[in-house]
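# Reading the structure
One-letter residues, chain by chain:
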Amino acid sequence: MVGMLLLGMSCAGPSAERSSSAEAGDPSRVYHVQLEMTEDKTAANRSLGTALSWWRAYADSAGGQPLLLNDAERSVQIEWKAPYYRVRVGPFALRPQADSVLRAARTSFPDAFVVPERTN
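Residues numbered from 1 in each chain as written. Predicted model: local features only at pLDDT ≥ 70, side-chain atom pairs only at ≥ 80, totals over all residues. Heavy atoms only, no water.

Pairing between the strands of a sheet comes from backbone hydrogen bonds, and it takes one of two forms, parallel or antiparallel. Taken in spatial order, the four strands make up an open sheet running S2-S3-S1-S4, and their pairing is antiparallel. The sheet terminates laterally at strand S2 (76-81) and strand S4 (113-118), the two strands that pair on one side only. Mean inter-strand twist for the sheet, computed between neighbouring axes without regard to direction, equals 45 degrees. Each of strand S1 (29-38), S2 and strand S3 (84-92) touches helix H3 (residues 41-61); the most contacted strand, S3, lies at about 25 degrees to it. (Pairing = 2+ DSSP bridges. Helix = DSSP H or I, 4+ residues; strand = E, 2+ residues; numbered from the N terminus. Axes fitted to C-alpha atoms, helices over the stretch in contact; angles between N-to-C directions. Contact = heavy atoms within 4.5 Å.)

Right, dumping it as structure tokens:
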């Protein structure tokens, strides 16, 4: 019975304090929206073109480049980590910002998801 009680306590999920700090922004973490992933460099470059067109249209409808931490010209890029090329949008300072872009991206990129990363 004690084991069940301890197990129940350990699975309670994130605390309110941890959730609110994620909302406020953690300077050691950024978020990207990964739109596509492929092993083929040519396919990644085609996806990059599609993603750039989508991002420009999204940014225009949102009234400008929303909530990015870096230069808007580099907001959509390919990141290679063996063996995949990843087409990503970002970085975003806050998870809710990335989630908002993800919701919009899913109409054109149904397999998109948010990628949290630590900054250096």
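Inspection of every chain in the model, using the stated rule, returns three salt bridges. The partner of Glu-117 in a salt bridge is Arg-88, and the shortest N-O contact between them spans 2.7 Å. With Glu-117 in strand S4 and Arg-88 in strand S3, this pair connects stretches of sequence that are 29 residues apart. The class for Glu-117 is partly exposed, based on a relative accessible area of 22%. Salt-bridge contacts for Arg-95 lead to Asp-99; the nearest nitrogen and oxygen are separated by 2.9 Å. Of this pair, Arg-95 and Asp-99 both sit in helix H4 (residues 95-105), four residues apart, roughly one helical turn. Using a relative accessible area of 33% as the deciding quantity, one classes Arg-95 as partly exposed. A single salt-bridge network, built from bridges that share partners, covers Glu-79, Arg-88 and Glu-117. (Salt bridge = Lys/Arg side-chain N within 4 Å of Asp/Glu carboxyl O. Buried < 20%, exposed > 50% of the residue type's maximum accessible area, 1.4 Å probe, protein only.)

All right, on to the confidence of the model for the chain then. The predicted coordinates ought not to be read in detail in places where the model reports low pLDDT. Residues of the chain with pLDDT of at least 70 account for 70%, and the chain-wide mean is 79. Of all helices and strands in the chain, the one with the weakest mean pLDDT is helix H1 (residues 2-10) (42), whereas S1 scores best (95). Long-range and interchain partners of residues 1-22, a stretch whose pLDDT sits below 50, account for three contacts in this model, where long-range means more than four residues apart. (pLDDT = per-residue confidence, 0-100.)

It is worth spelling out the pairing of S1 at this point. Side chains on a regular strand alternate between the two faces of the sheet. When S1 meets S4, the two strands line up antiparallel, connected through six bridges. Within the sheet, the bridge partner assigned to Tyr-31 lies in S4 and is Pro-116.

Summed over the entire model, instances satisfying the criterion amount to six aromatic pairs. Where Trp-54 meets Phe-109, the ring centres are 6.1 Å apart and the plane angle is 85 degrees; that geometry is what we call edge-to-face. Of this pair, Trp-54 sits in helix H3 while Phe-109 is found in the loop between H4 and S4, placing the two residues 55 residues apart along the sequence. Of the two residues examined, Trp-54 and Phe-109, each falls in the buried class. Judged by centre distance (6.2 Å) and plane angle (50 degrees), the rings of Trp-80 and Tyr-85 are tilted. Each member of the aromatic cluster is reached from another via a ring pair, and the members are Trp-54, Trp-55, Tyr-58, Phe-92 and Phe-109. (Phe/Tyr/Trp six-rings, centres within 6.5 Å; stacked < 30°, edge-to-face > 60°.)

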